[in-house]
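Each chain, written out:
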Amino acid sequence: MGLHRCVRPFFLTLAVTTLGCRSAQAAVDEPRPADPAVAVPAVPFVPEQPEASEPQSAAPATVSAVPGFLVLAEDPRVQHEAGARDFARAIAAQLDPAFERAQDFHQLEFSRFPPIRVFATRESYADATLSPGGRGSCVLGVVCFSPKLYEQRATLPGVVLHELSHALLLQNVGLWVHNTKIPAWFREGLATLASDGAGAEGCTPEAALADVAAGRGFDFESSVARLRGIPEGVSAYAYYRQTSLFVAWLRGRDVARFHAFLSGLRSTGFQEGFAQTFAATPIECWNAWAESLRE
Ligand SMILES: [Zn+2]
């Protein structure tokens, strides 16, 4: 899809301290930190807005770093803390392919380039995202990366794609629908599926399918409406794997209808759009999926 036609550099002027708001999507993390969903943002979030007098097609003449960050010289789409320049370069190298793949997988387009923040320490990352164990997260549309990801470099391309997938969905459905209507199981399953399992590395598909078939999967019914975080009693790896396999099953029933479901979420909301697409509730679909695994 036409990435370079539709995605243009856009730079957030939001101070990083406002990233203390908890995003609705969990970070790609292990082990699971204490559920931060109850955290209350200390600073009201002000959504980023394009300059009213400036069309989005106009590239900024200069790029201003948000407080505490530096603009990566080689790729001003990326801002990083002091000491994280090499990490930021590694992130920058993955952005274009990740953008293309995210758009292609979802059959959606970015409306603008999401802000990218690369942190130098796990502590500063945790302070900004409330996700101390994570490798990456998408906080209200701002894509953040922990140095933990640089330490686990083999997972870097997948995690970049995972987080950009969150940002892509958020841009398309809007913050309100994304954070209040779309359950966590769907957002995480979709982003994990889009990134070929990033976030689920510690749980094989075979193990996840066996668990679901045997009734050892995470408690889908009690978490079906959960908007944030990972349910108790399940590892992040298993949760991401099981949800991604379930979303893959839903998608595989009719790929074209699945894409129409995604593109219509902003207007239909999740529950209504799901019912229209699958002629059943998520719980009914989960049970049908589990049953099919036992056949
Ligand atoms: Zn995620």
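As the structure is a prediction and not an experimental result, all values here were calculated from the model.

Rules of the game
Residues numbered from 1 in each chain as written. Predicted model: local features only at pLDDT ≥ 70, side-chain atom pairs only at ≥ 80, totals over all residues. Helix = DSSP H or I, 4+ residues; strand = E, 2+ residues; numbered from the N terminus. Buried ≥ 20, exposed ≤ 12 C-beta atoms within 10 Å, placed from the backbone. Contact = placed C-beta atoms within 7 Å. Pairing = 2+ DSSP bridges. Axes fitted to C-alpha atoms, helices over the stretch in contact; angles between N-to-C directions. Parallel < 35°, antiparallel > 145°, perpendicular 65-115°, else oblique. Nonpolar A, V, L, I, M, F, W, Y, C, P; charged D, E, K, R; others polar. pLDDT = per-residue confidence, 0-100. Core = buried A, V, L, I, M, F, W, Y, C linked by C-beta atoms within 7 Å. Expected span 1.5 Å × (residues − 1). Bend = angle between axes of the 7 residues up to and from the residue.

Enquirer: Account for the overall build of the chain, with residues named and values stated.
Expert: A tally of regular secondary structure across the chain gives 13 helices and six strands. Within the span of the chain, comprising 295 residues, buried residues form 45% of the whole. Expressed as a percentage of contacts within the chain between residues at least 6 apart in sequence, the contacts between residues at least 24 apart total 76%.

Enquirer: Give a description of unusual backbone geometry that names residues and reports values.
Expert: The backbone phi angle of Leu-140 is positive, close to 50°, even though this residue is not glycine. Even without a glycine there, the phi angle at Ala-279 is positive, about 55°. Note that Ala-279 resides in the loop between helix H12 (270-278) and helix H13 (282-293). By the C-beta count within 10 Å, which is 9 here, Ala-279 ends up exposed.

Enquirer: Just give me the short version of the pairing of strand E5 (residues 134-139), but keep the residues and values in it.
Expert: Across the six residues of E5, six count as buried, placing the element largely inside the fold. The sheet contact formed by E5 and strand E6 (residues 142-145) spans four bridges and is antiparallel. Each residue of the ladder has a partner; that of Val-139, found in E6, is Val-142. In sequence, E5 turns back onto E6 through a hairpin of two residues, with Leu-140 there showing a positive phi of about 50°.

Enquirer: Can you break down the packing of helix H7 (residues 184-194) against helix H10 (residues 236-253) residue by residue, with the values?
Expert: Direction vectors running N to C along H7 and H10 enclose 85°, while the axes themselves pass 7 Å from each other. Compared by their axis directions, H7 and H10 come out roughly perpendicular. Residue-level inspection shows Trp-185, Phe-186, Glu-188, Gly-189, Leu-190, Thr-192 and Leu-193 of H7 in contact with H10, the latter providing Tyr-239, Tyr-240, Thr-243, Ser-244, Phe-246, Val-247 and Ala-248. Looking at the contact of H7 with H10, its residues break down into nine nonpolar, four polar and one charged.

Enquirer: Outline the environment of Tyr-239, supporting the account with residue identities and numerical values.
Expert: Checked against the element boundaries, Tyr-239 lands in helix H10. The exposure class assigned to Tyr-239 is buried, which follows from the 28 C-beta atoms found within 10 Å.

Enquirer: How would you summarise the confidence of the model for the chain if you had to cite specific residues and measurements?
Expert: Scored by pLDDT, the chain comes out at a mean of 84, with 79% of its residues at no less than 70. The model gives residues 1-26 a pLDDT under 50, and that stretch makes 88 contacts with residues more than four places away or in other chains.

Enquirer: Talk me through the nonpolar core; I want residue IDs and the actual numbers.
Expert: A general trend in soluble globular proteins is that nonpolar side chains are found buried together. Formed by 70 residues in total, the largest nonpolar core has its most connected members in Ile-91, Ala-102, Val-118, Phe-119, Cys-144 and Leu-164. Among the elements that take part in this core, helix H5 (residues 156-173) stands out by supplying 10 residues, more than any other.

Enquirer: Hey, could you go over helix H2 (residues 85-106) for me, with residue numbers and the actual values?
Expert: The terminal C-alpha atoms of H2 lie 31 Å apart, and with 22 residues this matches the ideal 32 Å at 1.5 Å per residue to within 8%. The largest bend along H2 measures about 40° and falls at Leu-95, with the proline Pro-97 one to four residues further on. Turning to H2, its buried residues number three or more, namely Phe-87, Ala-88, Ile-91, Leu-95, Ala-98, Phe-99, Arg-101, Ala-102, Gln-103, Phe-105 and His-106.

Enquirer: If you had to explain the environment of Ala-88 to someone new, which residues and values would you point to?
Expert: Looking at the secondary structure, you find Ala-88 in helix H2. With 27 C-beta atoms packed within 10 Å, Ala-88 lands in the buried category. Between the C-alpha atom of Ala-88 and that of Arg-117, which follows or precedes it by 29 residues, the distance is 8.4 Å. Ala-88 has contacts with Leu-72, Val-78, His-80 and Val-118, leaving out every residue within four places of it along the chain.

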